[in-house]
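Structural overview
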Amino acid sequence: MLRGPDFLEASPMELAALSRRRRLSLSDPELAAIRQHFKRLGRNPTEAELETLAQTWSEHCKHKTFRGTIDHVERDELGMERRRRYGDLLKETIMRATDEIRAPWCVSVFRDNAGIVSFDGRRAVAFKVETHNHPSALEPYGGAGTGLGGVIRDVLGAGLGARPIANTDVFCFAPLEQKDVPREGGALSARRVFHGVVSGVRDYGNRMGIPTVNGAVCFDEGFSQNPLVFCGTAGVLPVSAVRKEVRPGDRIVMVGGRVGRDGIHGATFSSDNLSHGIPASVVQIGNPIVQKKMMDALLQAREKGLYRAVTDCGAGGLSSAVGEMGEQSGAEVQLEDVPLKYEGLAPWEIWLSESQERMVLAVPPQNLEALKALFSAEDVLCVDIGFFRNDGRLRVLYGQETIVDLPADFLHNGAPRRHLSSSWSPLRIPAEWPRKGGRARREEDVRETLLEILSSPTVASKEWIVRQYDHEVQGRTVLKPLVGPAGRGPGDAAVMRLDWETHAGVALANGLNPRYSRWDPYWMAASAVDEAVRNLIAVGASRDHVALLDNFCGGNPNEPKVLGELVRAAQACYDIARAYGTPFISGKDSLFNRFVDKKGARKDIPTTLLISALAWMDDVRRAVTMDAKKAGDLIFIVGLTRDELGGSHYGLVKNIVAGRVPRLYPEETAPLYDALSEAMERGWVTACHDCSEGGLGVALAEMALAGELGIYADLRRAPLDGAVWDDSRTDKALFSESNGRFVVEVPPRFRRYFLSRFEGMPAACVGEVREGRKLQTVGLEGKSRAWALSDLAAAWTGGVRP
Amino acid sequence: MTVRAVVLRCAGTNCDEETAAALRRAGAEPSRVHVNRFLEGGRRLNDYDLLVIPGGFSYGDDIASGKVLANQLSHRLKDQLDEFIARRKPVIGICNGFQALLKGGFLPGRAGVSVSATLTDNDSGKFECRWTFLRTSSGKCPFVRGLPAVFPAPVAHGEGKFVPESEAGLRTLEKQGQIVFRYVNERGQSDGYPWNPNGSRGDVAGICNREGNVLGLMPHPERYFYPQQHSHWTRIRPLPEHGVGLQIFKNAVRYAAQVAS
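Residues numbered from 1 in each chain as written. Chains lettered and ligands numbered in written order. Predicted model: local features only at pLDDT ≥ 70, side-chain atom pairs only at ≥ 80, totals over all residues. Heavy atoms only, no water.

1. Examining the nonpolar core
Val-744 and Phe-754 of chain A together with Phe-181 of chain B are the most contacted members of the largest nonpolar core, which totals 166 residues. With near-sequence residues (within four places) excluded, Phe-754 of chain A lies in contact with Phe-636, Val-638, Leu-676, Ala-679, Trp-684, Val-685, Val-744 and Val-746 of chain A. Formed by 56 residues, the second largest nonpolar core is a distinct cluster that contains Phe-194, Phe-219, Leu-306 and Phe-375 of chain A. (Core = buried A, V, L, I, M, F, W, Y, C linked by side-chain atoms within 4.5 Å. Buried < 20%, exposed > 50% of the residue type's maximum accessible area, 1.4 Å probe, protein only. Contact = heavy atoms within 4.5 Å.)

Here it is, written out as structure tokens:
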């Protein structure tokens, strides 16, 4: 029973103290709503009821911020104010784009554990990306591994279960060189977090036998106490297995692993700031082989049609899984039947534990024996722990004792809506890029600058990490993360075939650029969407078959400035998705990425949006890679280069905070992408590379390095905005990070076709692929510069020093 | 005749589906069967004509990679597997399957009679997934017929370093024609890391038993059975109809058919 003051009589302050002591992360209005509910019943809540409510209502599970009402105010440079009230931010931005686009291939969006699409009416693809930031900050190896384990279960729990075929991972870390900086308040060193996360994901993903095919790593000071770890999984299932239902009387069956005291309060702890002194018991302990066995058995049971619904046991453990499945019907669980790792767990701990590798099934009673036999044949635990009721009540028993008796309606809909306010105004950053040192000095710089950018860790080769991940298991990986003859080139997107009988497949990519947030989170988000879509276009996909996932990460949203950035980013998501016709199918947010040290000093991460994108490919044999293919082929630049150095890597390596942040003009880029997709479909393109961090300079260098061939490019012929052209700034042409650009290789015989398809659009032939192993450019002032590939390679491969 | 191939799986096996797909394309009729079915006695190895133990992390590679499965094979299925091998039926162990056959004493040959060897941690100290080249030796193994002298192949493992009991042991294996594949560069020469991805002694990538019908290799032929699995197929024109790896499965299927008839 609950210790402490009588809940019904306690003062608001006493209730708040109770919430803090038990790490419930419940707000005052939420505590009041709970008290009112129990006052009506005339009894105190039990320990287990309070815990169940706290986790069901947690930010992690309920997305209270994104679903609350928000009064948003923006002030522009001139002090003009613009106000807007969002009744439900998620519904009015991300989900609204999907509603309005009405793509017929969206099969299940924002409903299930993952978004599900189907392009051929027969096979469906489930895709989900999640974060595991708080656990990874505390215990990087376990936190990152179970993060991946969790998202794999999301896909196993999508529809009646999808067969995972690909993992993606994106990490944001502090720069590794930061090791000499004294650690504040117990945060781990950047290097320790890096190694722990990389190997945690490696050991879980490799052992699950799911190829890790795409990812990114971003190094920035802003992540020094709060790393971000995004793990994603895509899976395939028959369209006929998308629908799930729970019927009263169905047995509640738990499969997979046993329950221990690991991961108690995971959901509630990740709904609050990180601070020192958090017990490590909030982080789960993973065992990928237990999950692999469970997956093998589950997919067989799906084939045999032995269950009617499935969901994963993630945050909140059984309380969340059973609670969600029984949202309509109600449910009754006997906790004494739950197998434990060891004795001594309190009933509420069994109910809340986030012990990994478990799923919950709704099984028609007549199938129970067959299901148990199937799981036992694979040595996987499979236990009947209760049944779904028909009266909408959630009842949990431990032996004879009832420890939870709640109406499902109150549990799921009883939380008071949050009211928040948010604000945003731009920082004062000079728009003009400095002209320090006059022309001569600057020209010398361009050569050096490219090498510096190539060796900056976010741009530099990630081969050290990528090779530790099995990217070929299952034999479906048609475009691998590293491409080119020496397997050195950074591919723009992975391409996976769905089966061995047909040539259809999916391309997977991501977009992320938290550095732009400082300038404007709107353009940060717009750039992320564009980068993800662009990466897919670069391998041969087309815009009309692209589905998106969002993952918002931010600091403490109770801070209007933090929330203001999130609101602006969400608004960009709507605008760009709508303009591109690319619907969001699922998403997630991770807030409270704030670190509070012993002295109470606070630090929020930069507002970060990861966009993960999936595209259907009719024929994976037409996929295109980014490595330069053949001397004599022409090099085209597609897309307009603008004076947009704000947030660029040029600025990063030169320590310059100035310039305009890259914007996006979808009315210009959308037709451009369509033209490129068509050119690729027709086979006119032999290589194509997305132009992002480091601009044209890095894109050209990477293509040459990957193909082990030289490239000659005359920048005077590139499509340039007047502002770049006017002051003949070669550095702007090479390093501006304008969105919507590609470097494209076209054999001379297709030159005319290619050009005619791009008529009236910013696309131009600037040079050719050459035998000599060097990158050669002609600058806007007419000066020629050359880099030996060996020098470029040395800079690029030496950038990440683990 | 139909060649019945069994792809043996257990907890942690993860290359079974694509191995079955490659076998099917090679003309066999594959079934993926859990080792428990053989341990219970519901199935017998001799119900099949061809055995493949695919890659993965059997039982989590606890103790050492392939070790627990190796113990099941050498203690509980020894008679069945010995009989299978004695009948000259083909057995292929890939990656984790190779580790299991080696640690179970089925490769290079019976313990006490043959050279002993093991597969241990890569010199790099970490799991690595990369493409390299293999040079085929025209030794005892009948599954290499028609393979190019040098061909590309992918590896993905953390414990693939082949270590024989001694230098003399390595020479014995060579003399007996038991070394089937060696890691080389694209010109077919021994060239150290990364071509030899794990530091294997003698660049050994795959070996067979003295009779030649049991083959173990660390590289993954099932990851190159169709042309678009190649690491840089977008540069290869014209593309071959099949990946080179398929030839190994085709040879094994043909051999199995001969043995059975």
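2. Focus: empty space enclosed by the protein
All names here are of chain A. Taken as a whole and assessed by the stated rule, the structure comprises twelve cavities of 30 Å³ or more. By volume, the largest cavity amounts to about 760 Å³. Lining the largest cavity are 38 residues, with Gly-215, Ala-216, Lys-462, Pro-490 and Gly-491 positioned closest to its centre. Going through the elements one at a time, strand S7 (212-219), helix H18 (463-466), strand S22 (505-511), helix H19 (521-538), strand S29 (687-690) and helix H23 (695-707) are the ones with two or more residues in the lining of the largest cavity. For the lining of the largest cavity, the element with the highest residue contribution is S7, accounting for seven residues. (1 Å grid on protein atoms, 1.4 Å probe; cavity = no way out; pocket = protein on both sides within 12 Å on 5 of 7 lines; lining within 4 Å. Points joined across faces, edges and corners; volume = space filled by probe spheres on them. Helix = DSSP H or I, 4+ residues; strand = E, 2+ residues; numbered from the N terminus.)

3. Some remarks on the pairing of strand S12 (residues 330-334) of chain A
All names here are of chain A. Of all the five residues making up S12, five are buried; the element is thus mostly covered by neighbouring parts of the structure. Of the two faces of S12, the one carrying Gly-330, Glu-332 and Gln-334 and the one carrying Ala-331 and Val-333 are both buried. Bridge count between S12 and strand S15 (residues 393-398): five bridges; the pairing is parallel. When the bridges of S15 are listed, Glu-332 appears paired with Arg-395. Alignment of S12 against strand S14 (residues 381-388), held across three bridges, turns out to be antiparallel. What sits directly across from Glu-332, in S14, is Phe-387. (Pairing = 2+ DSSP bridges.)

4. Points about the pairing of strand S34 (residues 784-788) of chain A
All names here are of chain A. With burial as the criterion, only one face of S34 is covered, namely that bearing Arg-785 and Trp-787; the residues Ser-784, Ala-786 and Ala-788 on the opposite face remain uncovered. One ladder, built from five bridges, connects strand S33 (residues 774-778) with S34; its direction is antiparallel. From the neighbouring strand, Val-778 faces S34, where its bridge partner is Ser-784. If you look at the hairpin formed by S33 and S34, you'll find five residues sitting between the two strands, and Gly-782 has a positive phi there, around 95 degrees.

5. Structural notes on the layout of surface pockets
Residues and elements named next belong to chain A. In this structure, the second largest pocket encloses a volume near 1,100 Å³. Lining the second largest pocket are 38 residues; nearest its centre among them are Asp-220, Gly-222, Arg-515, Arg-518 and Pro-606. If you list the elements that add at least two residues to the lining of the second largest pocket, you get strand S17 (419-424), helix H20 (560-580) and helix H21 (649-654). Taken together, the residues of the lining of the second largest pocket sort by class into 15 nonpolar, twelve polar and eleven charged. (Nonpolar A, V, L, I, M, F, W, Y, C, P; charged D, E, K, R; others polar.)

6. Considering the environment of Ile-101 of chain A
Residues and elements named next belong to chain A. Relative to the elements of secondary structure, Ile-101 occurs in helix H7 (residues 94-101). Taking C-alpha positions, Ile-101 is 8.7 Å from Ala-577, a pair spaced 476 residues apart along the chain. Excluding its chain neighbours within four sequence positions, the residues that come into contact with Ile-101 are Ala-577, Arg-578, Gly-581, Thr-582 and Pro-583.

7. Details of helix H27 (residues 789-797) of chain A
All names here are of chain A. Leu-789, Leu-792, Ala-793, Ala-795 and Trp-796 are the residues of H27 that are buried. Burial along H27 is one-sided: seen end-on, the buried residues are contained in an arc of 165 degrees. Along H27, the residues that are exposed and aim more than 90 degrees away from the buried face are Ser-790 and Ala-794. (Arc of directions from axis to C-beta.)

8. Considering the domain arrangement of chain A
Residues and elements named next belong to chain A. By the assigned domains, chain A splits into domain 1 (1-45) and domain 2 (46-424 + 498-619). If you average the C-alpha positions of domain 1 and of domain 2, the two centres end up 28 Å apart. Contact residues are listed per partner, giving 18 residues for domain 1 and 23 residues for domain 2. Summed over both sides, the interface between domain 1 and domain 2 buries roughly 1,800 Å², with carbon and sulfur atoms accounting for 63% of that surface. The largest contributions to the domain 1 side of the interface with domain 2 come from Arg-22, Arg-23 and Glu-30, which together make up 31% of the buried area. The interface formed by domain 1 and domain 2 holds five residue pairs in polar contact (both at pLDDT 80 or more) in total. (Domains from an automatic or database assignment. Buried area = accessible area lost by both parts, 1.4 Å probe. Polar contact = N/O pair within 3.5 Å; in protein donor to acceptor, adjacent residues only side chain to side chain.)

9. Considering the packing of helix H1 (residues 16-25) of chain B against helix H7 (residues 245-260) of chain B
All names here are of chain B. H7 packs onto H1 with a crossing angle of 65 degrees between their chain directions and a minimal axis gap of 8 Å. Where H1 crosses over H7, the handedness of that crossing is right-handed. Residues Thr-19, Ala-22, Leu-23 and Arg-25 of H1 pack against Leu-246, Phe-249 and Val-253 of H7. Its residues placed into classes, the contact of H1 with H7 shows five nonpolar, one polar and one charged. (Axes fitted to C-alpha atoms, helices over the stretch in contact; angles between N-to-C directions. Left-handed = near helix turned anticlockwise from the far one by under 90°.)

10. Looking at the interface of chain A and chain B
Taken residue by residue, the interface counts 43 residues in chain A and 36 residues in chain B. The contact between chain A and chain B buries some 3,200 Å² in all, and 48% of this surface belongs to carbon and sulfur atoms. In terms of surface lost to chain B, no three residues of chain A exceed Arg-467, Glu-472 and Trp-500 of chain A, which account for 20% of the buried area on that side. Applying the counting criterion to the chain A and chain B interface returns five salt bridges. Between Arg-223 of chain B and Asp-470 of chain A there is a salt bridge, with its nearest N and O atoms 2.9 Å apart. Contributions of two or more residues to the side of chain A that touches chain B are made by helix H10 (190-208), helix H12 (288-303), H18 and strand S18 (477-479) of chain A. Here the side of chain A that touches chain B is composed, by residue class, of 14 nonpolar, eleven polar and 18 charged. (Salt bridge = Lys/Arg side-chain N within 4 Å of Asp/Glu carboxyl O.)

11. Thoughts on the pattern of salt bridges
Residue and element names in this part refer to chain A. Applying the stated rule across the entire model yields 70 salt bridges over all chains. When the shortest N-O distance is used, the salt bridge between Arg-660 and Glu-432 registers 2.5 Å. With Arg-660 in the loop between H21 and helix H22 (666-681) and Glu-432 in the loop between S17 and helix H17 (438-454), this pair connects stretches of sequence that are 228 residues apart. In this structure, the salt-bridge partner of Arg-660 is Asp-643, at a minimum N-O distance of 3.2 Å. Of this pair, Arg-660 sits in the loop between H21 and H22 while Asp-643 sits in the loop between strand S28 (634-638) and H21, placing them 17 residues apart in sequence. The exposure class assigned to Arg-660 is partly exposed, which follows from its relative accessible area of 35%.

12. Section: the packing of aromatic side chains
Residues and elements named next belong to chain A. Per the counting criterion, the structure on display carries 25 aromatic pairs over all chains. An angle of 35 degrees between the planes, with centres 5.6 Å apart, marks the rings of Phe-171 and Phe-173 as tilted. For the pair Phe-171 and Phe-173, a shared accessibility class is recorded, and that class is buried. Measuring from centroid to centroid gives 5.5 Å for Tyr-673 and Phe-742, while their planes differ by 80 degrees, and the two rings are edge-to-face. You can see Tyr-673 sitting in helix H22 and its partner Phe-742 sitting in strand S31 (residues 742-746), a full 69 residues away along the chain. Members of the aromatic cluster, connected to one another through ring pairs, are Phe-171, Phe-173, Phe-194, Phe-219 and Trp-464. Its guanidinium or amino end placed over the ring of Trp-348, Arg-22 lies 5.1 Å from that ring's centre, counting from NZ or CZ. Across the ring face of Trp-424, the terminal group of Arg-568 is positioned such that the distance to the ring centre comes to 4.2 Å. (Phe/Tyr/Trp six-rings, centres within 6.5 Å; stacked < 30°, edge-to-face > 60°. Lys NZ or Arg CZ within 6 Å of the ring centre and 35° of its normal.)

13. With respect to the side chain of Asp-203 of chain A
Residue and element names in this part refer to chain A. Mapped onto the fold, Asp-203 is located in helix H10. Given the relative accessible area of 18%, Asp-203 is considered buried. Apart from residues lying up to four places away in sequence, Asp-203 is in contact with Tyr-141 and Pro-288.

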